[in-house]
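# Architecture and fold: a report
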Amino acid sequence: MHDDHSMTTPFASHLSEYVTTAKSFYCMPGHKQGLGAPPLLKELWGEQVFAYDITEVKGSDVLAYPRTSIKEAQKVAADIMGAHRSWFLVNGSSVGIHAVLGALVKPGQKVLVHRQCHKALLFGLVYSGAIPVYLEPVQNLPEYAYGSVDLQKVDELLTQHDIKMVMVTSPNYYGLALNIAAISSICRTHSVPLFVDEAHGTHFSFHEGFPHPALKQGADFVVQSMHKTLGGLYQSALVHSAGTYSQYEDKIARMLSMLQTTSPSALMIMSIDAALDEANRTGRELYGQMLAMLESLRYELNTSNFQVIIPPPGVMSAGNFVAYDQMKLLFMAVSEDFFNLMKLKVILSEQYGIEIELADENHMLLTLSLADAIDLDQTRENLIYFSETLERLVDRGFGLIDEPDDFEDPRELPEFFLTPRDAFYAEKKRMKLSESVSEVSGNMVCIYPPGFPQIIPGEMIHEAVIHQIYHDFHLGFTIVGVDEEDGELYIDVIEESFPRLES
Ligand SMILES: Cc1ncc(COP(=O)(O)O)c(C=O)c1O
């Protein structure tokens, strides 16, 4: 490997040196650097992949107790991201969320969480025994599926409850970023650490045109997926500590050594090291060119049925979303007709080879990354092709549905009877979802995409959410947390009755 990389990609450089000098392997893995790997995989992946699939030998360091190249690489990452300490993750942002939650909040202690959080956090609550106080989303950007955060409510809940950590997601799946500086300042007043799930915003550090990174706005802990918007392999991610609550750092490291595999993939670790370096070296210029291109192209992509939407600044600040990520291209259906966008997404994939990030009831979301900035002319052409194809499909009547679903959700606040952990361990019975109104759910139910929980374990099942789930199921969305049998949906509900939890 070229010398000038050894300082900026310490792990990748050390490992490549090791791989090119090592000779006989009487150690794991069983494929022995590819010698015994299935020929099919060697043909498909190439032999080199196996040479680097090695772990915990001299040169690869030990992820759980890093002393050499991983320690150096994590220091490089911390410097790039402006953290006091950073850790490489090989089980996605999910394991970072679990580790920070487990390190900061003891079983039985409370954590303030935005209800539209990722399910990884809710699973974390099951295993850690932390008790959630839910921050209900504020829906003042009705064209988006996600709500923001009411700052006054954060302050009130921190005053009312003995909360040990606040956790919010920013940006959300659609690229809307919260006012982390304001939330952080409230948390500081109450001396409560703020943990930001920035899984979709790892690239924010590399160009000032993106929302300001959470670490730079006063977040105390931040998790970021390397695979979502940068060039890391799937499962690669980072968790950072700003140093403001450095007393928890050793505990986070211990948590990670408990939760992550003892055989971390060097491929993944290398990909974090190299992808961060790549973004750091090329990001400013490439993202700059990309943003300039998008500025002019965005309006050309509008069609008579779909418009690329940009949240208006006034509405944004009123809702405490303060910025959005322009690398998300959000097409919203604007015509008089109604479409099943999930169906159109499937047609685009199967018949045109166009794979998009998500389709929900009103949107199609395209996620762009540094990769799309490499050949801007091609990207521009592909995006125009996408918008023209979408328009053509719609003109030909594909995905057209007769009526919209105009069911009004009458719910005020969801009611909880058990914590996620107690619900997980409680005795359950299976019943038809259609008959489960007012039962307490034993399952977490998510509609994919975008995948935030519609029903949290321990929550009373409301007819509105049942309606929503059946509606989305019939449109072809994936519903996780219910079983399908002969076209009917079943859910696990809690057998015993419990008093309602105080909110
Ligand atoms: C907001 C959010 N947080 C966390 C995660 C989990 O990230 P990972 O897949 O890296 O574990 C996701 C995954 O989609 C997500 O959307």
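Residues numbered from 1 in each chain as written. Predicted model: local features only at pLDDT ≥ 70, side-chain atom pairs only at ≥ 80, totals over all residues.

Attention now goes to helix H8 (residues 180-189). By the burial criterion, the buried members of H8 are Ile180, Ile183, Ser184, Ile186 and Cys187. Relative to the axis of H8, the buried residues are bounded by an arc of 160° and lie together on one face. Buried residues along H8 sit against helix H7 (151-160), strand S4 (163-169), strand S5 (176-178) and strand S6 (194-197). A positive backbone phi angle near 55° is found at Ser191, which sits one or two residues after H8. (Buried ≥ 20, exposed ≤ 12 C-beta atoms within 10 Å, placed from the backbone. Helix = DSSP H or I, 4+ residues; strand = E, 2+ residues; numbered from the N terminus. Arc of directions from axis to C-beta. Contact = placed C-beta atoms within 7 Å.)

Counting residues in hydrophobic clusters, the biggest one holds 135 residues, and the most contacted among them are Val100, Val166 and Ile269. A per-element tally of this core places helix H11 (residues 266-297) first, with twelve residues. (Core = buried A, V, L, I, M, F, W, Y, C linked by C-beta atoms within 7 Å.)

Turning our attention to H11. Helix length check: H11, at 32 residues, gives a terminal C-alpha distance of 39 Å against a target of 46 Å (1.5 Å per residue), a shortfall beyond 12%. Maximal helix bending in H11 amounts to about 65°, located at Gly283. (Expected span 1.5 Å × (residues − 1). Bend = angle between axes of the 7 residues up to and from the residue.)

A word on the site of the ligand. Residues in close proximity to the ligand include Gly92, Ser93, Ser94, His118, Ala120, Thr169, Tyr173, Asp197, Ala199, His200, Ser225 and Ala237, which together make up its full environment. Sort the elements by how many residues they give to the shell around the ligand and helix H5 (residues 92-104) lands first, with three residues. Here the shell around the ligand is composed, by residue class, of four nonpolar, seven polar and one charged. (Near = placed C-beta within 6 Å. Nonpolar A, V, L, I, M, F, W, Y, C, P; charged D, E, K, R; others polar.)

This next bit is on the pairing of strand S8 (residues 237-241). The buried count for S8 comes to five of five residues, which makes it a mostly enclosed element. A two-sided burial pattern is seen for S8, the buried positions comprising Ala237, Val239 and Ser241 on one face and Leu238 and His240 on the other. Two strands pair when backbone bridges link them, and strand S1 (residues 85-89) and S8 are joined in this way by five bridges, in the antiparallel orientation. When the sheet's bridge partners are listed, Arg85 is paired in S8 with Ser241. Examined bridge by bridge, strand S7 (residues 221-225) and S8 share five bridges and lie antiparallel to one another. Directly across from Gln224, in S8, lies its bridge partner Leu238. (Pairing = 2+ DSSP bridges.)

Our next topic: the domain arrangement of the protein. Per the domain assignment, the segments making up the protein are domain 1 (62-261), domain 2 (285-401) and domain 3 (420-494). Computed over C-alpha atoms, the centres of domain 1 and domain 2 are 28 Å apart. At three residues, the largest contribution of residues to the side of domain 1 that touches domain 2 is made by S5. Considered class by class, the residues forming the side of domain 1 that touches domain 2 number 14 nonpolar, ten polar and one charged. (Domains from an automatic or database assignment.)

Leaving glycine aside, a negative phi is the common case for residues, and trans is the common case for peptide bonds. For the bond running from Met28 to Pro29, omega is 5°, close enough to zero to count as cis. Following Ser170, the chain continues to Pro171 via a peptide bond in cis, the omega torsion being 0°. Positionally, Pro171 belongs in the loop between S4 and S5. Phi at Ser438 is positive, roughly 75°, even though this residue is not glycine. When you line up the elements, Ser438 lands in the loop between strand S16 (428-432) and strand S17 (445-448). Positive phi, normally seen in glycine, also occurs at Asp486, with a value near 50°. Inspection of the secondary structure assignment puts Asp486 in the loop between strand S20 (483-485) and strand S21 (488-494). Accessibility expressed as a C-beta count within 10 Å gives 4 for Asp486, which makes it exposed.

An order of S1-S8-S7-S6-S4-S2-S3 is seen for the seven strands of this open sheet, with the pairing classed as mixed. Both edges of this open sheet fall to S1 and strand S3 (131-135), since each of them pairs with a single strand only. Between one strand axis and the next, the sheet turns by 20° as a mean value, whatever way the strands run. Contacting strand S2 (110-114), S3 and S4, H7 runs over the sheet at an angle of about 150° to S3. (Axes fitted to C-alpha atoms, helices over the stretch in contact; angles between N-to-C directions.)

Before going further, it helps to spend a moment on the packing of H5 against helix H6 (residues 119-128). Across the interface, H5 lies against H6 with an axial gap of 9 Å and an inter-helix angle of 40°. The angle between H5 and H6 places the two elements in the oblique class. Relative to H6, H5 is oriented so that their crossing is right-handed. Across the interface between the two elements, Ser93, Ser94, Ile97, His98, Leu101 and Gly102 from H5 touch Ala120, Leu121, Gly124, Tyr127 and Ser128 from H6. (Parallel < 35°, antiparallel > 145°, perpendicular 65-115°, else oblique. Left-handed = near helix turned anticlockwise from the far one by under 90°.)

Hydrogen bonding along the main chain pairs the strands of a sheet, whether they run parallel or antiparallel. With respect to topology, four strands assemble into an open sheet ordered S9-S11-S14-S13, the strand pairing being antiparallel. Each end of this open sheet is capped by a strand with a single partner; those strands are strand S9 (306-308) and strand S13 (358-359). Bridge count for S13 against strand S14 (residues 363-367) is two bridges, and the pairing is antiparallel. Bridging across to S14, Leu358 finds its partner in Leu365.

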